[in-house]
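The primary structure of each chain is shown beneath.
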Amino acid sequence: AVSSSLGLSRLRSGDRVFIKPNIVFWTRYAPFPKWGIITTSRILEDMIILLKENGITDIMLGEGPVVHPQDKETPNHAFTALGYETFRKRYGIRYFSIFDRPFKSVDLGEGVILNMNRDALESDFIVNLPVLKTHAQTMVSLGIKNLKGLIDIASRKKCHSPDPDRDLHFMISHLAESMPPMLTLIDGIYSNERGPGPDGKIHRSNLLVASSDVLSADLVGAKILGYPPGSVPYLAHAAMRHNRPSDLSDIQIFGEPLDSVSMPHAYDFPFGSDENGNILPVPLLKLGIRGISFRKYDSTLCTYCAAISGLVLTAIRNAWEGNPFDEVEILTGKCMEPTPGKKKTILLGKCMSRKHRNHPGISERFAVPGCPPDPRDIVDAFQKAGVLVAPELFEFPDRFPAFFMERYKNRPEFDESFFTAG
C-alpha cells in the first residue's frame, strides 16, 4: 500500500518523522474492544520498520487521548499496553501525550485558529495512522479527523461550534492545512460501524488505504464505508476549498476495486419518539420506556460530554421499572431549547446549564454544570428528577466500555494480539 501510493516519496534520509496513531479512548480499569477504535500496534510497528529501512532514525509518536489533561497515568498505561515502550527499546522511537508538550497557535485559513502540537508542526514528515470508522457526528472519521488528536482541549471544544456556518464539519475540514508532508495510511484491518467508540459494531475488514494526499485517502475511505464522498460535509468543505472534485475522478486507485470492498457502515444511532413526543434511542423505546426524553445529539456536543451521554442512556434503561417517568427532558450540547410542557428539565453540561439558567419555559430545573459534568452531580440531578439511576454505574465510568467485550467473546477474528508488540 505504501509503495503503490508513493507515500514515502517526499521522505528524505535524516528527516524528523512524527507518527500520529488513533487512540480515541483508553481505560486502565478494564479490557474493552480496541478493534476498529484504536490503530493496531501491528500496523504501527510495520510502519516504524519501513521508516527505519528508509534511513529514518528520529521518530516520535504523539497522541492526545480523550482523557482529562491532568491524567498522566491513563496515556502512559495505553502506550505501555499497546507496546510503545517495547518499540522505544527496539527501534529507538520516542512517544508522548501531546498534553505534556507545547502547543502553537496556527491560522488554518478562513478564520480558523487552533492550538496544535508543536512537535508535529515542526517535524519534517508526518505518518498519519487513522482507523477505518464511521462517526456519530461527522459521518466518517479518517485521516483529517484523526488530526483532531493534535489540538488542545480548548481547541477541541472550539471545533464544536454552535455557529451553523462554522460548525464542526467546517472546523475539522481545516485540520490538515499547514501540516508538513504527510503519508496517510488508514488502518482498516478492523472497521467500526456507528463509531467511533466501543458501542459501535466492529467488522473484520482486512483493508488498508494509503495516500500521500490525506484528502484523497479520506475520499476513498468514505466510499469504502458506503458514503458518496460529496455527502460527507467536512470532506465536501475540504474538496471545495482546494478546488477538488469530490467524486474520486481525480484520484488514481490501485489495488482492490472499490466496489468489491465497499461495505455500508451506518454512522448514527436511530432515535424515535413515543405517543407523547418523548424522544429516545429506538432500542429504549422498544423496551417501553416512557415519560423521559433524551434528544439526539448534535454536532455541538463535545467529546467529553458525548462519552457521558452513552453512560446516561444505559443508566436510564437500568432505572426503568415499568412506570412512566414524570415528563423529564435531558438537554445536551450548546443549542438545544427546552420543550414546552415538560415538568422537569436536566441540563447536562456547562453549556446547557449556562444557556438556560434563567429560561422562563423550564418548570423545574436540574443543572449539571461541569465541563465535563462530575458523575456524582449527574446522579444527584437524575435522582432529584425522579429517575433513580444507579450510583455505582457512575462511580467507575471507565469500566463501562468493558460491557461491550461480550459481543466479541470467543470470536477468533477479533484478535487482541494486533494491539501488542510483535
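Counting restarts for each chain: residues are numbered from 1 in the order of the written sequence. Where totals are concerned, whole chains, interfaces and linings use all residues; where local detail is concerned, this predicted model gives features only for residues with pLDDT of at least 70, and gives and counts side-chain atom pairs only at 80 or more. Excluded from the side-chain calculations are hydrogens and water; all other atoms, namely the structure's heavy atoms, are used.

Enquirer: Please set out the pattern of salt bridges residue by residue, giving values where relevant.
Expert: Basic side-chain nitrogens of Lys or Arg form a salt bridge, by our definition, when they fall within 4 Å of a carboxyl oxygen of Asp or Glu. One pass over the full model with this rule turns up 26 salt bridges. For Arg16, the salt bridge goes to Asp124, with nearest N and O atoms at 3.5 Å. In this pair, Arg16 is assigned in strand β1 (residues 16-20) and Asp124 in the loop between α4 (118-121) and β6 (125-128), connecting sequence segments 108 residues apart. When accessible area is computed with a 1.4 Å probe and restricted to protein chains, residues below 20% of their type maximum are described as buried, those above 50% as exposed, and intermediate ones as partly exposed. What makes Arg16 partly exposed here is its relative accessible area of 35%. Relative accessible area serves as the criterion here: at 23%, Asp124 is assigned to the partly exposed category. Residue Glu110 is joined to Arg241 by a salt bridge in which the shortest nitrogen-to-oxygen separation is 3.6 Å. You can see Glu110 sitting in the loop between β4 (103-107) and β5 (113-117) and its partner Arg241 sitting in helix α9 (residues 233-241), a full 131 residues away along the chain. In this structure Glu110 comes out as partly exposed when scored by relative accessible area, which is 46%. Via salt bridges that share partners, Glu110, Glu177 and Arg241 belong to a single interconnected network. Put simply, DSSP H or I for four residues or longer makes a helix, DSSP E for two residues or longer makes a strand, and each gets a number counted from the N terminus.

Enquirer: Outline the sheet that holds strand β14 (residues 328-331), supporting the account with residue identities and numerical values.
Expert: Following DSSP output, two strands are said to pair if at least two bridges run between them. Spatial strand order, β13-β14-β15-β16: four strands in an open sheet with parallel pairing. Sheet topology places β13 (292-294) and β16 (365-368) at the edges, where each strand pairs with a single neighbour. Looking at each pair of strands side by side, their axes are set apart by 15° on average, direction ignored. Sheet topology places strand β15 (residues 344-348) next to β16; four bridges connect them, and they run parallel. For Leu347, the partnering residue across the bridge sits in β16 and is Ala367. Along the sheet face, helix α12 (residues 303-319) touches β13, β14 and β15 and points at about 160° away from the line of β13. The axes used here are C-alpha line fits, helices contributing only the stretch in contact, and every angle between their N-to-C directions lies in the interval 0 to 180 degrees. Contacts were defined at the residue level, with two residues in contact if any of their heavy atoms lie within 4.5 Å.

Enquirer: Describe the environment of Gly111, with residues and values.
Expert: Residue placement: Gly111 occurs in the loop between β4 and β5. Taking relative accessible area as the criterion, Gly111 reaches 55% and is therefore assigned exposed. As a C-alpha pair, Gly111 and Arg166 span 55 residues in sequence and 9.7 Å in three-dimensional space.

Enquirer: Any details on the packing of helix α8 (residues 214-224) against α9? Residues and values, ideally.
Expert: Between α8 and α9, the least distance of the axes is 11 Å, while the angle of their chain directions is 145°. Here α8 and α9 pass one another in a crossing that is left-handed. On α9, the residues that touch Leu215, Asp218, Leu219 and Ala222 of α8 are Tyr234, Leu235, Ala238 and Ala239. The residue makeup of the contact of α8 with α9, split by class, is seven nonpolar, no polar and one charged. Rotating anticlockwise by less than a right angle from the far helix to the near helix defines a left-handed crossing, while the corresponding clockwise rotation defines a right-handed one. In the scheme used here, Gly and all other residues not listed as nonpolar or charged are polar, with Ala, Val, Leu, Ile, Met, Phe, Trp, Tyr, Cys and Pro taken as nonpolar and Asp, Glu, Lys and Arg as charged.

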